[in-house]
Amino acid sequence: MGISITALEPGDQTAVDAAYRIGSAVTEADAPDLPPYCRRRFEALVRHPMPGLVVHWALARLDGVPAGWLRLELPQLDNTDNAAAELVVHPAYRRRGVGRALHEHGVRLLRDAGRKRVVGEVASALPGGPARDPAGAAFAAAVGARPALAAVRRRLDTTTLDRAALDTLLAGARSAAAGYRTVRWQQATPEEYVDDVAYLEGRLMTDAPLGDLEWEQERVDADRIRGTERALDLRGSRRYHVAAVDEGSGRLVAWSMLSLGASADWHAWQQITIVDPAHRGHRLGLLTKIENLRHALTHEPALRAIDTFNAAENGHMIRINQQLGFQPVDASTEWQLTL
């Protein structure tokens, strides 16, 4: 029978279940330190994409057995020459042409859609770190992609937090942040801050190091923030936020967010931390991260591991994370293919 590829339809529960099992097996094999693959998140990914994206899913079968899948995200509001891809193959069916068939299927779809570039993320091992399958990077290179942005995943073990050192860091940050006050919330952004959050979110691709990645600043407004929040709620995401407000203008000028998934109460991701360029130099990034860490731990007593990614060239944020106690786990590379 060989390899066959069909569209993964959101209403086909049998196919969605098969794809979920593939994702679960891949996470267990490739990143066993992460939480179990979350069914609620996966089904919401299939059925409720983020605003501003058209998403194509494909399911590959090897001799009739589900063996891998492909997810392509095509931005519609910005980056209309670009796409992002996630391609996974069940560990039992690797090195049998499934990944190559999915790749070729995706390239045809993207060329038909007029896209010029596609980006995908691949994990790899760090010296002295846990083993990671090198096949992903070898595959990306074999299909003609180039490494565009190198990052490192770091983890904070909250059970070993040096509380006294954290208190000292927080006191110093508060002293440097005279003229600013912090606000905190869970889940949806308060209405009075949603425009400022949209502005900061939209700056991310401008302010964060991008290496050789060709990705434009994203167009983010209050409606897009609200749509993203609804999509995250459907995924079962629990989100904690702390932001800094400039007391002179009343504007929210720095923001940090941390999220937990629905499949594990012991794990979180440190998401965005960003400061308006006009308000840098007041330790607002450090201030909001520490206060948000405390915010989350107050409400999530089982939380013991927080992961975050930093571009290898983002020395400032790496130093902040090292001060908090984050330690390297593995590497991550964004590979970019010109179509």
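Residues numbered from 1 in each chain as written. Predicted model: local features only at pLDDT ≥ 70, side-chain atom pairs only at ≥ 80, totals over all residues. Heavy atoms only, no water.

Under an unreviewed UniProt entry, the name given to the protein chain is GNAT superfamily N-acetyltransferase, and the source organism is Micromonospora purpureochromogenes.

Chemist: Help me understand the pattern of salt bridges in this model?
Modeler: Charged atoms that come close allow side chains of opposite charge to pair. Enumeration over the complete set of coordinates arrives at 29 salt bridges. A salt bridge links D30 to R94; the shortest N-O distance between them is 2.8 Å. Residue D30 is found in helix 1 (residues 13-30), and its partner R94 is found in the loop between strand 4 (82-89) and helix 3 (98-112); the two are separated by 64 residues along the sequence. Residue R94 is classed as partly exposed on the basis of its relative accessible area of 21%. (Salt bridge = Lys/Arg side-chain N within 4 Å of Asp/Glu carboxyl O. Helix = DSSP H or I, 4+ residues; strand = E, 2+ residues; numbered from the N terminus. Buried < 20%, exposed > 50% of the residue type's maximum accessible area, 1.4 Å probe, protein only.)

Chemist: Is there a simple way to explain the packing of helix 5 (residues 163-176) against helix 8 (residues 284-299) in this structure?
Modeler: Helix-helix packing: each pair is described by the crossing angle between the helix axes and the interaxial distance. One can describe the packing of helix 5 onto helix 8 by two numbers: an axis separation of 9 Å at closest approach and a directional angle of 135°. The pairing of helix 5 with helix 8 is recorded here as oblique in orientation. Between helix 5 and helix 8 the crossing geometry is left-handed. Contact with helix 5, carried on its side by R163, L166, D167, L169, L170, A173 and R174, involves L286, L287, I290, E291, L293, R294 and L297 of helix 8 and no other residues of that element. (Axes fitted to C-alpha atoms, helices over the stretch in contact; angles between N-to-C directions. Parallel < 35°, antiparallel > 145°, perpendicular 65-115°, else oblique. Left-handed = near helix turned anticlockwise from the far one by under 90°. Contact = heavy atoms within 4.5 Å.)

Chemist: Please explain the nonpolar core as it appears in this structure.
Modeler: Note on soluble globular proteins: their nonpolar side chains tend to be buried together. Of all hydrophobic cores here, the largest spans 29 residues; its most connected members are L284, L286, I290, L293, L303, I306 and L324. Secondary structure elements with two or more residues in this core: helix 5, strand 8 (238-246), strand 9 (252-260), strand 10 (267-275), helix 8 and helix 9 (315-324). Top contributing element to this core by residue count: helix 8, with seven residues. In this structure, A60, L70, A83 and L337 belong to the second largest nonpolar core, which totals 19 residues. (Core = buried A, V, L, I, M, F, W, Y, C linked by side-chain atoms within 4.5 Å.)

Chemist: Looking at this structure, I do not really get the packing of aromatic side chains. What am I missing?
Modeler: The final tally for this structure, using the stated rule, is eight aromatic pairs. Between W269 and F309, the ring centres sit 5.7 Å apart and the planes meet at 10°, which makes this aromatic pair stacked. Taken together, the positions of W269 in strand 10 and F309 in strand 11 (residues 305-311) put the pair 40 residues apart, joining distant regions of the chain. (Phe/Tyr/Trp six-rings, centres within 6.5 Å; stacked < 30°, edge-to-face > 60°.)

Chemist: How should the sheet that holds strand 3 (residues 65-75) be read in this particular structure?
Modeler: Hydrogen bonds between backbone atoms are what pair the strands of a sheet, whose relative direction is either parallel or antiparallel. The strand order across the open sheet built from 12 strands is 1-2-3-4-5-12-6-11-10-9-8-7, with neighbouring strands paired in mixed fashion. Strands with a single pairing partner mark the edges of an open sheet, and in this sheet they are strand 1 (3-7) and strand 7 (180-186). The sheet shows a mean angle of 25° between the axes of neighbouring strands, taken without regard to direction. Two elements, strand 6 (residues 146-157) and strand 11, share seven bridges in a ladder whose sense is antiparallel. When the bridges of strand 11 are listed, R153 appears paired with F309. Along the sheet, helix 1 contacts strand 2 (53-62), strand 3 and strand 4; its crossing angle with strand 3, the most-contacted strand, is approximately 90°. Sheet strands in contact with helix 3 are strand 1, strand 2, strand 3, strand 4, strand 5 (117-124) and strand 12 (327-338), and its direction is about 30° off that of strand 3. (Pairing = 2+ DSSP bridges.)

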